[in-house]
Amino acid sequence: MALSQIPVTVRGAELLKEELQRLRSVDRPNIIQAIAEARAQGDLSENAEYESAKERQSFIEGRIAELEAKLSNLQVIDPKTLNAEGRVVFGATVNIEDLDSGDNKTYQIVGEDEADIKNGKISVSSPIARGLIGKSAGDIAEVSAPGGVKEYEVLDVLYI
């Protein structure tokens, strides 16, 4: 089964590669050492440190496999090279105004692994991003939210 391409920004791809490198070069050797130390304590049937270390090893190996699969299917998108003619697309940074509250917000539309609402990065699959995709400055985006439909005016679209 072929995996479809996973859209990610340049920074998102760098973060995934850094995490994989850390898991391989730091976390994996550390957990192997912890398992060896726990084994040296003798009876493994009642050794909590050994069980804990084995669980952690399983998690690390699973995450390494997951990252390797993702990295082999990444579609890296550099917002600076986009020519979307002012439309909101993956990687774009969007300034919007909530038409109910008048609040202004700025979001960058990023891949699933990069999403971080506190830092203004929203997943391309989030309701807000789906409502904004394809819009241009001056357009109104209707977003289905748990509290009902919210309307946002697109103030500016940046490719930075």
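Now for a quick tour of the structure. (Residues numbered from 1 in each chain as written. Predicted model: local features only at pLDDT ≥ 70, side-chain atom pairs only at ≥ 80, totals over all residues. Heavy atoms only, no water.)

With that out of the way, let us pick up the sheet that holds strand S4 (residues 104–110). If you trace the five strands from one edge of the open sheet to the other, you get S5-S4-S3-S7-S6, paired in mixed fashion. Strands at the two margins of the open sheet, each flanked by one partner only, are strand S5 (121–123) and strand S6 (140–145). Recorded for the sheet is a direction-independent mean angle of 45 degrees between the axes of neighbouring strands. Relative to strand S7 (residues 148–158), S6 runs antiparallel, the two sharing six bridges. Looking at S7, one finds that glutamate 142 is bridged to glutamate 151. (Pairing = 2+ DSSP bridges. Helix = DSSP H or I, 4+ residues; strand = E, 2+ residues; numbered from the N terminus. Axes fitted to C-alpha atoms, helices over the stretch in contact; angles between N-to-C directions.)

What follows covers the nonpolar core. Within the largest apolar cluster, 15 residues are counted, with the highest numbers of intra-cluster contacts made by Val88, Val94, Ile109, Ile128 and Leu132. For this core, the secondary structure elements donating two or more residues are strand S3 (93–98), S4, helix H3 (127–132), S6 and S7. When residues no more than four places from it in sequence are discounted, the contact partners of valine 88 are Val94, Ile109, Leu132, Ile133, Gly134, Lys135, Val154 and Val157. Counting residues in each nonpolar core, the second largest holds 14 residues, with Val8, Ile31, Tyr50 and Ala53 among its members. (Core = buried A, V, L, I, M, F, W, Y, C linked by side-chain atoms within 4.5 Å. Buried < 20%, exposed > 50% of the residue type's maximum accessible area, 1.4 Å probe, protein only. Contact = heavy atoms within 4.5 Å.)

The next thing to look at is the pattern of salt bridges. Under the defined criterion, the tally for this structure stands at twelve salt bridges. Notably, a salt bridge pairs arginine 63 with glutamate 19, separated by 2.8 Å at the nearest N-O pair. Taken as a pair, arginine 63 in helix H2 (residues 48–72) and glutamate 19 in helix H1 (residues 10–39) lie far apart in primary sequence, 44 residues in all. Judged by its relative accessible area of 16%, arginine 63 falls in the buried class. (Salt bridge = Lys/Arg side-chain N within 4 Å of Asp/Glu carboxyl O.)

To continue, consider the packing of H1 against H2. Contact geometry for H1 and H2: axes closest at 9 Å, N-to-C directions at 155 degrees. For the element pair H1 / H2, the angle class is roughly antiparallel. When the axes of H1 and H2 are compared, the crossing they make is left-handed. The residue inventory of the contact of H1 with H2, partitioned by class, reads 15 nonpolar, one polar and twelve charged. (Parallel < 35°, antiparallel > 145°, perpendicular 65-115°, else oblique. Left-handed = near helix turned anticlockwise from the far one by under 90°. Nonpolar A, V, L, I, M, F, W, Y, C, P; charged D, E, K, R; others polar.)

Helical periodicity: at 3.6 residues per turn, an α-helix aligns residues three or four positions apart in one direction. Taking 1.5 Å of rise per residue, 25 residues should cover 36 Å, and H2 covers 36 Å from first to last C-alpha, within 8% of that figure. Within the span of H2, buried status applies to Tyr50, Ala53, Gln57, Ile60, Arg63, Ile64, Leu67 and Lys70. Its side-chain oxygen at 3.1 Å from the backbone nitrogen of glutamate 49, asparagine 47 defines the N-terminal cap of H2. (Expected span 1.5 Å × (residues − 1). Polar contact = N/O pair within 3.5 Å; in protein donor to acceptor, adjacent residues only side chain to side chain.)

Distances and angles like these do not, on their own, reveal function.
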